[in-house]
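Notes for the structure review
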Amino acid sequence: LRQVVRTGSVFGPTLWDEALKVLGIDNVDLRLAELTGREVFVIRETSTLSGCREYAFRSPLLQEVAYHTIPRQQREELHEKAAQWLSQRGAPQTVLAYHLVRAGSVINAAQTSINAGDLARATYANEDALANYREAAEVCRGPDGECRDMEFGQASRLRVEALFGVAHVCTRLGRIDEALEAIDR
């Protein structure tokens, strides 16, 4: 049962029965029923993903603790599998980017965040667009604050693309100082 809790914690506060199957958990229905009975999870009335039963951790603290007990390399592998599964299910780009970043797939995460920013910008969801573009720009930065030097400068190109997205949206909102600041980065 601990393995179910740990593996499920990779998804955050919400998880799905079908996702656990993809991540290698056997007897998912039986185990989830037992954990629900023990009040570890609650069953959601409706699921955000069709064809799946959705569960939530009763305690956010339990989810957080379980997540941090997974060794880093295993967590990255689980996030990669989670991103693949969620992508097949048509999950939002922001959710995919979250998992790709944690899987260590920086280029894919940045591009996914930019795509989410572009979609949000196209529908005038300006604050969502800004959040996604800023996430993409941040993902491209290394621990030293400099742009990651990988994949033939692709991180640099994506960072510039993300910052121009920030500038475009800020200009649309009349926040010219923020637009100029984004371009100066």
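A brief look at the structure comes next. Because the structure is predicted, anything quoted here is derived from the model rather than measured.

Let us look at helix α5 (residues 72–88). The end-to-end C-alpha distance of α5, which contains 17 residues, comes to 25 Å, matching closely the 24 Å that a straight helix rising 1.5 Å per residue would cover. Those residues of α5 that sit buried are R75, L78, H79, A82, A83, W85 and L86. Down the axis of α5, the buried side of the element spans an arc of 170 degrees, and every buried residue falls inside it. Exposed and facing more than 90 degrees away from the buried side of α5 are Q73 and Q88. Packed against the buried residues of α5 are α1 (2–9), β1 (14–16), α2 (17–22), α4 (60–68) and α6 (93–102).

Ranked by internal contacts, the top residues of the largest apolar core, which has 28 residues, are F11, W16, F41, W85 and L86. Sorting the residues of this core by element identifies α1, β1, α2, α3 (28–37), β3 (54–57), α4 and α5 as the ones contributing at least two each. Ranked by residues supplied to this core, first place goes to α5 with four residues. If we skip the residues at most four places from it in the chain, W16 touches F11, S47, T48, L49, C52, R53, E54, W85 and L86. Listed in part, the 25 residues of the second largest apolar core include I114, C140, A155 and V169.

This part is about the packing of helix α7 (residues 106–122) against helix α9 (residues 154–172). Direction vectors running N to C along α7 and α9 enclose 20 degrees, while the axes themselves pass 10 Å from each other. On the basis of their axis angle, the class for α7 and α9 is roughly parallel. For the crossing formed where α7 meets α9, the hand is left-handed. Residues I107, A110, Q111, I114 and R121 of α7 pack against Q154, A155, R157, L158, E161, A162, G165, H168, V169 and R172 of α9. Residues of the contact of α7 with α9, tallied by class, amount to seven nonpolar, four polar and four charged.

This paragraph deals with unusual backbone geometry. Notably, N27 is not glycine yet its phi reads approximately 50 degrees, a positive angle. Along the chain, N27 falls in the loop between α2 and α3.

Looking now at the packing of aromatic side chains. Using the criterion set out here, one finds five aromatic pairs in the structure. Taking the centre distance of 6.4 Å and the plane angle of 65 degrees together, the rings of F41 and Y55 count as edge-to-face. Separated by 14 residues along the polypeptide, F41 in strand β2 (residues 41–43) and Y55 in strand β3 bring together distant segments of the chain. Comparing F41 with Y55, the two get one shared label, buried.

One open sheet holds the three strands; their spatial order is β1-β3-β2, and the pairing between them is antiparallel. The open sheet is flanked by β1 and β2, the only strands paired with a single partner. Sheet twist, expressed as the average angle between the axes of neighbouring strands with direction ignored, equals 35 degrees. The pairing of β1 with β3 spans three bridges and is classified as antiparallel. Among the inter-strand pairings, W16 is bridged to a residue of β3, identified as E54. Together, β2 and β3 form the strand contacts of α3, whose direction differs from that of β2 by roughly 105 degrees.

Bringing the side chain of S113 into the picture now. Within the fold, S113 resides in helix α7. On the basis of relative accessibility, which here comes to 1%, the residue S113 falls in the buried class. In contact with S113, not counting residues within four places along its chain, are A97, N132, E135 and A136.

What counts, and where the lines are drawn
Residues numbered from 1 in each chain as written. Predicted model: local features only at pLDDT ≥ 70, side-chain atom pairs only at ≥ 80, totals over all residues. Heavy atoms only, no water. Helix = DSSP H or I, 4+ residues; strand = E, 2+ residues; numbered from the N terminus. Expected span 1.5 Å × (residues − 1). Buried < 20%, exposed > 50% of the residue type's maximum accessible area, 1.4 Å probe, protein only. Arc of directions from axis to C-beta. Contact = heavy atoms within 4.5 Å. Core = buried A, V, L, I, M, F, W, Y, C linked by side-chain atoms within 4.5 Å. Axes fitted to C-alpha atoms, helices over the stretch in contact; angles between N-to-C directions. Parallel < 35°, antiparallel > 145°, perpendicular 65-115°, else oblique. Left-handed = near helix turned anticlockwise from the far one by under 90°. Nonpolar A, V, L, I, M, F, W, Y, C, P; charged D, E, K, R; others polar. Phe/Tyr/Trp six-rings, centres within 6.5 Å; stacked < 30°, edge-to-face > 60°. Pairing = 2+ DSSP bridges.

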